[in-house]
Structure formats: structure tokens, C-alpha cells
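As a plain string of letters, each chain reads:
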Amino acid sequence: MSMLTPPGMGGKYRVTGAAYPRMSRPRRRRRIVLALLGSVLTLALLGYGALQLIDVFRGDTAKRNAAAGKDCPTTAPKAGPAAASAAAASPKPAVALPQPAQIKVNVYNATPRAGLAKAVGDELRKRGFTIGNVGNAPAYFDKKVPGTGILLGSPKTDKAAYSVLGTQLAGTTQQSDTRETADIDLILGDSFKELSTKEDADKALALLANPVPAVAKKC
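Here is what the cut-offs are and how they apply
Residues numbered from 1 in each chain as written. Predicted model: local features only at pLDDT ≥ 70, side-chain atom pairs only at ≥ 80, totals over all residues. Heavy atoms only, no water. Buried < 20%, exposed > 50% of the residue type's maximum accessible area, 1.4 Å probe, protein only. Helix = DSSP H or I, 4+ residues; strand = E, 2+ residues; numbered from the N terminus. Arc of directions from axis to C-beta. Pairing = 2+ DSSP bridges. Axes fitted to C-alpha atoms, helices over the stretch in contact; angles between N-to-C directions. Contact = heavy atoms within 4.5 Å. Core = buried A, V, L, I, M, F, W, Y, C linked by side-chain atoms within 4.5 Å. Salt bridge = Lys/Arg side-chain N within 4 Å of Asp/Glu carboxyl O. Phe/Tyr/Trp six-rings, centres within 6.5 Å; stacked < 30°, edge-to-face > 60°. Polar contact = N/O pair within 3.5 Å; in protein donor to acceptor, adjacent residues only side chain to side chain.

(A) Looking closely at helix α3 (residues 116-126). Those residues of α3 that sit buried are Leu116, Ala117, Val120, Gly121 and Leu124. Seen along its axis, α3 keeps its buried residues to an arc of 125°; they face one direction. Exposed side chains of α3 directed beyond 90 degrees from the buried face belong to Lys118 and Lys126. Phi turns positive one or two residues past the end of α3, at Gly128, with a value near 105°.

(B) Molecular detail of the sheet that holds strand β1 (residues 104-109). With mixed pairing, five strands are arranged side by side in an open sheet as β2-β1-β5-β3-β4. Lying at the two open borders of the sheet, with one neighbouring strand each, are β2 (130-136) and β4 (173-176). For this sheet, the mean inter-axis angle between neighbouring strands, taken without regard to orientation, is 25°. Relative to strand β5 (residues 184-188), strand β3 (residues 149-153) is paired through four bridges, and the arrangement is antiparallel. From the neighbouring strand, Leu151 faces β5, where its bridge partner is Leu186.

(C) Local environment of the environment of Gly147. For Gly147, the location among the structural elements is in the loop between β2 and β3. Given the relative accessible area of 29%, Gly147 is considered partly exposed. Residues Gly147 and Gly189 lie 42 residues apart in sequence; the distance between their C-alpha atoms is 5.3 Å. Every residue in contact with Gly147, bar those within four places of it in the chain, is listed here: Gly189, Asp190, Ser191 and Phe192.

(D) The nonpolar core, seen in detail. The biggest cluster of nonpolar side chains holds 20 residues, and the ones touching the most others in it are Val105, Val120, Leu124, Phe129, Leu186 and Leu188. Of all the secondary structure elements, the ones that give two or more residues to this core are β1, α3, α4 (159-166) and β5. Leaving out residues up to four positions away in the same chain, Leu124 has contacts with Val105, Val107, Phe129, Ile131, Leu165, Gln168, Leu186 and Leu195. Counting eight residues, the second largest nonpolar core, distinct from the first, contains Tyr108, Ala110, Ala137 and Ile187.

(E) Quick peek at the pattern of salt bridges. Here the structure, examined in full by the defined rule, presents nine salt bridges. In this structure, the salt-bridge partner of Asp122 is Lys118, at a minimum N-O distance of 3.0 Å. Of the two residues, Asp122 and Lys118 are both situated in helix α3; the distance of four residues between them amounts to about one turn of the helix. A residue is classified by how much of its surface remains accessible, and Asp122, at 29% relative accessible area, is partly exposed. You can call Lys118 exposed: its relative accessible area is 55%. Between Asp202 and Lys198 there is a salt bridge; the shortest N-O distance is 3.0 Å.

(F) Layout of the packing of aromatic side chains. Counted under the stated rule, the structure contains one aromatic pair. Aromatic side chains Tyr140 and Phe141 sit 5.0 Å apart centroid to centroid with 55° between the ring planes, which places their arrangement in the tilted category. Overall, the relative accessible area of 60% leaves Tyr140 in the exposed class.

(G) Inspection of unusual backbone geometry at higher detail. For Lys143, which is not glycine, the phi dihedral falls at a positive 60°. Note on placement: Lys143 falls in the loop between β2 and β3.

(H) Representation of α4 in the model. Looking at α4, one finds that the buried residues are Ala160, Ala161, Tyr162, Val164 and Leu165. Tucked inside the fold, the buried residues of α4 contact β1, α3, β3, β4, β5 and α5 (198-209). One side-chain oxygen at the N-terminal end of α4 lies 3.1 Å from the backbone nitrogen of Ala160; it belongs to Asp158.

These figures capture arrangement, not role.
This is the structure:
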């Protein structure tokens, strides 16, 4: 019997120098540790996912706000309700245009059709324009104007005068020369058929004087 064996014990309880009873670590502690690690990992994944969702929502909101600000810019408020009502009630002033009588027109015929310049000049006179020279176009324009006509004047000529005269004949082009006077040459081209009807010309002239305002986009 070994000296390590307590007195009175033997058999399977006998302890020898080559064998000792093994002590196993409790399994419950291992399960607790694994459960804690799993909980920590789950919480970390949930937190990361929540942050990603917050970033997505913030990005979408910022984009919507930026788009709304771009399409419908916010304007500073008026001084008060009375000022806003007065601004809305006041009509937009009409554009100042020269009267037809203030525009001197020289009518020249650059087409093979005889008598065309006189006929056009007489009609423009009836519509209130001041008519100057009437006749055939200069050689450098004769039979060399493919369009309906050319409005030729000084570089200093009021652009509104071109616009008023242009309401009488659609499709004209504008050119300038070295003259210093305010008169405008109407050079009739090969595509000219007839002047615009007086009704259409009056509508175009009214639109020039009172342009239709652009419709604001509703937000």
C-alpha cells in the first residue's frame, strides 16, 4: 500500500504514484462565457446596423431638402401683409415701344416682281408708319435676299424699332450699315409673299408691349 493511501482505504481508492484522480472544469462556466460573447457580438451588429440606417435616412433627407431648395428657393418675407397685397395688386408696367409714326421705313424690292415695294409701302403707311424712299434694292442686294426680307439700319438704331417693324413681316433678319440716321430699310426678299395681316400684326405688337409673365413653379 502506498503512503498516499489513507489508512483503511484500498481497492479503487488506492492511490499509487503513477495515477491520480482527474478534476474536470465545470461546463456551466464555459456556457456562460460563450453566451456573454454572443450577446456582445449581437449588440455590436445591431448598433452598427442602426448607425448605417441613420446615415441613409440623413442622406435622403439632405438630398430632398437640397432639391426642394433648388427648385423652390425661399424668398425673404415682405415688410407686411399690406405691402404684399399692394405688390400683387399693382400691374406690371408695359414695355415702352416707339409708335409706328416714329419709325421711318424705306422699302426696297430685291425680287423680280415689279411694283412690290410700292404696294408694301402703301400698306405700311396705312398702318401708321412713316414711309421714306420706295424703289428697287441696291445692286448688292438685288435678287440676293433668299428670305422674306432684311431690316437694315444704323448700329445705334433702337432695337425696339426693329421689333415693331418686324411685327408686320415674319421671318426678317436684322443687319446694320454705316448710316447715322434712325431710318430703317425694309428690303423684300425672294420668299416674301405678303405682309402679316393687320390683325396678326396688332396681336404681335400688343404682346411686345405687354409680355406674358412667366408662371412661377408651385412648391
